[in-house]
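Chain and residue survey
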Amino acid sequence: MAALGESRDVLLDAATRCEVRDVDTPPRRTGLSFRDVSKAFVAHGDRRPFLAVRDVNLDIPPGRFVCLVGPSGSGKSTLLNMAAGLFQPSTGAVYQDAERINTVNTRVGYITQQDNLLPWRNLRDNVALSLEIQGVGKRTRAERVARAIEQVALTGFEKHYPAQLSGGMRKRATLARTLVYSPDTLLMDEPFGALDAMMRNTVQEQLLRLWEQDRKTVLFVTHDLDEAILLADDIVVFGANPGRIVHVEHVDFPRPRTLADIRKSPEFTALWEGLWSLIEN
Ligand SMILES: Nc1ncnc2c1ncn2[C@@H]1O[C@H](COP(=O)(O)OP(=O)(O)OP(=O)(O)O)[C@@H](O)[C@H]1O
Ligand SMILES: [Mg+2]
């Protein structure tokens, strides 16, 4: 495992890793790329713009699981919103498979902190919603919905309404609702933040098993370093004021991983403490 503070060149030696670029280079042909991305907001009543994100350069190759950690207000959600095309960078650009994202990015599935399930629809109808909007036929829709529900291990709960599901089941339902339209890339913003530790670990490990089957590209925001180390191929540490990348750490614990296993190793503690001190500072 690369030690914190080791030269960034060493961290970036493998072409398949998540890369930080210092120069204006063309984006990779595939994957998600941020090029010189900055975002300024003008808050209501303020005369001067506030720089939320500055000079982010990051390439996430297809199939890579990248976790983004950093202090509150450092611009992590802002970065995801730009990848989803919900708003444009003030300078620079975000690319999906070398195509500049100018409008809502339909190739990503965006899972936000709140599960946003519709309370008046049961699980099956919540998962079916995006396919209904796309006009997918009833039979195909039923097959794809059943498959997505099976992927997140919720078969048997199709007729349950959100209020009848546990917190962890609702998170998995949200994931099924995204998987059903097969996005290339998943953007996940603290999706498990509200769960207690045990439930969170169960859902994390279910997500990992699922990801290992088809290796979608994932950009996952979390405040939880255990979670980042368990899930990530690379951990991108964001600093605040303005939000910017301060460090990229490659995590090379072998997969499949469980938290119980990796926590036993001294490398886990060293990595956790190194990341924590970066965030704290
Ligand atoms: N639409 C907006 N208008 C004005 N300011 C905004 C807007 N969105 C975000 N900001 C500001 O940009 C900064 C970064 O916000 P962002 O939500 O990206 O942080 P974050 O790292 O996701 O924080 P947290 O970990 O608390 O979720 C904050 O200071 C926030 O107030
Ligand atoms: Mg946020």
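In what follows, the structure referred to is the one given above.
The paragraphs below set out a description of the structure included in this document. Model, not experiment: these values are computed from the prediction. (Residues numbered from 1 in each chain as written. Chains lettered and ligands numbered in written order. Predicted model: local features only at pLDDT ≥ 70, side-chain atom pairs only at ≥ 80, totals over all residues. Heavy atoms only, no water.)

Attention shifts here to the environment of Val-136. Among the secondary structure elements, Val-136 is positioned in the loop between α3 (123–134) and α4 (138–151). Residues within four places of Val-136 in sequence aside, it is in contact with Leu-131, Arg-141 and Arg-144. (Helix = DSSP H or I, 4+ residues; strand = E, 2+ residues; numbered from the N terminus. Contact = heavy atoms within 4.5 Å.)

What follows concerns the sheet that holds strand β6 (residues 108–111). With mixed pairing, the six strands of this open sheet are ordered in space as β6-β7-β8-β3-β9-β10. Across the chains shown, the open sheet's two edge strands, defined by having one partner strand only, are β6 and β10 (244–250). The sheet shows a mean angle of 15 degrees between the axes of neighbouring strands, taken without regard to direction. As paired strands, strand β3 (residues 65–69) and strand β9 (residues 234–239) are joined by four bridges and run parallel to one another. From the neighbouring strand, Cys-67 faces β9, where its bridge partner is Ile-235. Running over the sheet, helix α2 (residues 76–83) touches β3, β6, β7 (185–189), β8 (217–221) and β9 and is turned about 150 degrees from β7. (Pairing = 2+ DSSP bridges. Axes fitted to C-alpha atoms, helices over the stretch in contact; angles between N-to-C directions.)

Near ligand 1 lie 13 residues; those nearest to it are Ser-72, Gly-73, Lys-76, Ser-77 and Thr-78. Note that an oxygen atom of ligand 1 is positioned 2.5 Å from one of the side-chain N or O atoms of Ser-72. The backbone of Gly-75 places a nitrogen or oxygen atom 2.9 Å from an oxygen atom of ligand 1. Summarising the interface, the protein chains cover 62% of the accessible area of ligand 1, which totals 630 Å² for the free molecule. For the shell around ligand 1, the elements supplying multiple residues, two or more each, are β2 (50–60) and α2. With three residues, α2 is the largest single contributor of residues to the shell around ligand 1. Partitioning the shell around ligand 1 into residue classes produces four nonpolar, seven polar and two charged. (Near = heavy atom within 4 Å. Polar contact = N/O pair within 3.5 Å; in protein donor to acceptor, adjacent residues only side chain to side chain. Areas by Shrake-Rupley, 256 points an atom, 1.4 Å probe, with all protein chains shown as cover. Nonpolar A, V, L, I, M, F, W, Y, C, P; charged D, E, K, R; others polar.)

The subject of this paragraph is the sheet that holds strand β4 (residues 91–96). Spatially, four strands are ordered β2-β1-β4-β5 in an open sheet, and the strand pairing comes out antiparallel. Both edges of this open sheet fall to β2 and β5 (99–100), since each of them pairs with a single strand only. Pairing between strand β1 (residues 32–41) and β4: five bridges, direction antiparallel. The residue of β4 that forms the bridge with Ser-38 is Thr-91. Where α2 meets the sheet, its contacts fall on β1, β2 and β4, and the angle it forms with β1 comes to roughly 120 degrees.

Let us look at the nonpolar core. Counting 49 residues, the largest nonpolar core has Phe-65, Val-127, Leu-175, Met-188, Phe-220, Ile-229 and Ile-235 as the members making the most contacts within it. Among residues more than four places away in sequence, those in contact with Phe-65 are Leu-207, Trp-211, Val-218, Phe-220, Leu-231, Ala-232, Asp-233, Asp-234 and Arg-255. One finds Phe-34, Leu-68, Ala-83 and Ile-101 within the second-largest nonpolar core, a separate group that totals 25 residues. (Core = buried A, V, L, I, M, F, W, Y, C linked by side-chain atoms within 4.5 Å. Buried < 20%, exposed > 50% of the residue type's maximum accessible area, 1.4 Å probe, protein only.)

Another aspect to go through is unusual backbone geometry. Omega for the bond connecting Asn-241 with Pro-242 falls within 30 degrees of zero, at -5 degrees, which places this linkage in the cis form. In this fold, Pro-242 is placed in the loop between β9 and β10. In the segment running from Arg-255 into Pro-256, the intervening peptide bond is cis, with an omega of 0 degrees. Structurally, Pro-256 can be placed in the loop between β10 and α8 (259–262). Here the phi dihedral of Ala-98 falls at roughly 70 degrees; this positive angle occurs in a residue that is not glycine. Within the secondary structure, Ala-98 is located in the loop between β4 and β5.

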